[in-house]
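Chain residues, written in single-letter form:
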Amino acid sequence: MSESETIKLLVIDDDRKLCRLLGDYLEPLGYGVSFVHTGPEGVDAVVVGEYDAVILDVMLPGMNGFEVLKGIRHHSDVPVLMLTARGDEADRIVGLEIGADDYLPKTFSTRELLARLRAVTRRAARRQTSGVVDEVAPELEVGGLLVRTASREVMLDGEVLVLTPVEYDLLEALVRAKGRVKSREQLIADVADRDYDGIDRSIDVHVSSLRKKLGDDARMPRYIKTVRAAGYMMLDATS
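Report on the accompanying structure. (Residues numbered from 1 in each chain as written. Predicted model: local features only at pLDDT ≥ 70, side-chain atom pairs only at ≥ 80, totals over all residues. Heavy atoms only, no water.)

**What to know about the overall build of the chain**
Using the following cut-off: Comment: elements are numbered from the N terminus, with helices defined as DSSP H or I runs of at least four residues and strands as E runs of at least two. Note on exposure labels: buried denotes an accessible area under 20% of the residue type's maximum, exposed denotes more than 50%, and partly exposed covers the range between, all computed with a 1.4 Å probe on protein chains only. In this analysis, two residues are considered to be in contact whenever any of their non-hydrogen atoms come within 4.5 Å of each other. Residue exposure ignores everything except the shown protein chains as possible cover, and the areas themselves are Shrake-Rupley values with a 1.4 Å probe.
In terms of regular secondary structure, the chain is built from eight helices and 12 strands. Looking at the chain as a whole, 51% of its 239 residues are labelled buried. The contacts of the chain with a sequence gap of at least 6 include a subset with a gap of at least 24, amounting to 57%. Roughly 12000 Å² of accessible area belongs to the chain as shown, and the carbon and sulfur atoms make up 49% of that amount.

**What about the pattern of salt bridges?**
Put simply, the rule reads: Between Lys or Arg on one side and Asp or Glu on the other, a salt bridge is scored when a side-chain nitrogen of the former is within 4 Å of a carboxyl oxygen of the latter.
Taken as a whole and assessed by the stated rule, the structure comprises 14 salt bridges. For Arg-152, the salt bridge is made with Asp-169, and the minimal N-O distance between the two is 3.1 Å. One end of the pair, Arg-152, is in the loop between strand 7 (145-148) and strand 8 (153-156); the other, Asp-169, is in helix 6 (residues 165-176), with 17 residues separating them in the sequence. A residue is classified by how much of its surface remains accessible, and Asp-169, at 5% relative accessible area, is buried. Several salt bridges share partner residues, and in doing so they unite Asp-13, Asp-57 and Lys-106 into one network.

**Overview of the packing of helix 6 against helix 7 (residues 184-191)**
The criterion, for reference: Think of each axis as a best-fit line through the C-alpha atoms, taken over the contacting stretch in the case of a helix, with angles from 0 to 180 degrees between the N-to-C directions. Put simply, angles under 35 degrees are roughly parallel, angles over 145 are roughly antiparallel, angles from 65 to 115 are roughly perpendicular, and the rest are oblique. Each helix crossing is assigned a hand: it is left-handed if the near helix lies turned anticlockwise from the far helix by less than a right angle, otherwise right-handed if that turn is clockwise.
Between helix 6 and helix 7, the shortest axis-to-axis distance is 9 Å and the interhelical angle comes to 130°. Taken together, the axis directions place helix 6 and helix 7 in an arrangement best described as oblique. The interaxial crossing formed by helix 6 with helix 7 has right-handed handedness. Facing helix 6, whose interface residues are Val-166, Asp-169, Leu-170, Ala-173 and Leu-174, helix 7 presents Leu-187, Asp-190 and Val-191.

**Some words on the nonpolar core**
The line we're drawing: Among the buried residues, those of types Ala, Val, Leu, Ile, Met, Phe, Trp, Tyr and Cys that are joined through side-chain atoms within 4.5 Å form a nonpolar core.
Membership of the largest hydrophobic core comes to 26 residues, with the highest contact counts inside it found for Leu-171 and Ile-224. Among the secondary structure elements, those contributing two or more residues to this core are strand 6 (139-142), strand 7, strand 8, helix 6, helix 7, helix 8 (202-214) and strand 12 (231-234). Looking at this core, the element that brings in the most residues is helix 6, giving seven residues.

**Notes on the packing of helix 6 against helix 8**
Put simply, the rule is: Each residue is assigned to one class: nonpolar for Ala, Val, Leu, Ile, Met, Phe, Trp, Tyr, Cys and Pro, charged for Asp, Glu, Lys and Arg, and polar for all the others, Gly among them.
Where helix 6 contacts helix 8, the two axes come as close as 10 Å, and the packing angle between them is 85°. Overall, the two elements helix 6 and helix 8 adopt an arrangement that is roughly perpendicular. Facing Val-166, Glu-167, Leu-170 and Leu-171 of helix 6, the residues of helix 8 in contact are His-206, Val-207, Ser-209, Leu-210 and Lys-213. Residue classes in the contact of helix 6 with helix 8 are distributed as five nonpolar, two polar and two charged.

Set out below in structure tokens:
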């Protein structure tokens, strides 16, 4: 996406005043902002439209934001930035595990919103281009784990592993650094394209979710080892 192109953004939020404020702020910055105010409308809009990013409120009437996110993920890998009430940690963890790309408390500043939004759209654009051809390593292997970078497909012991876009990016970053520790700061930059603020637990949540899908035990890991006070490391596992 070039700088001159309009970035198509969908906002799913029943707070109409907030929607107007977001439109007034973002449209002069090159965003084409569309709004829907219920969960089913949001899922339908993603299915029929082509959006570069979605801002999704957790607290929606009838169909909450988590249900909407599940519906979106059945159809699309569009970047989703979730808005959580008072920055509630439980909401953030659930959203990230379901497949949100990032989150913001509803008391966000417009500057922080713009930074997070630019980060998730920039990362998504890189995903679309970086996996087309990987002349260095089109396939990465660790034990029974196979990562096909061109198709972003992951096989575990011969079975396809279904990952969220962020989980895939995290796994690829760890596999490429096999045997070396990756700090949380480095992993945030790899998968979220933003700075680590010292209390951000999103990487830990994604690692936990990834471990579950790998059938990995944090106490006796086959793949991902926690290195105390340092970060995470992909082990040179054997099958």
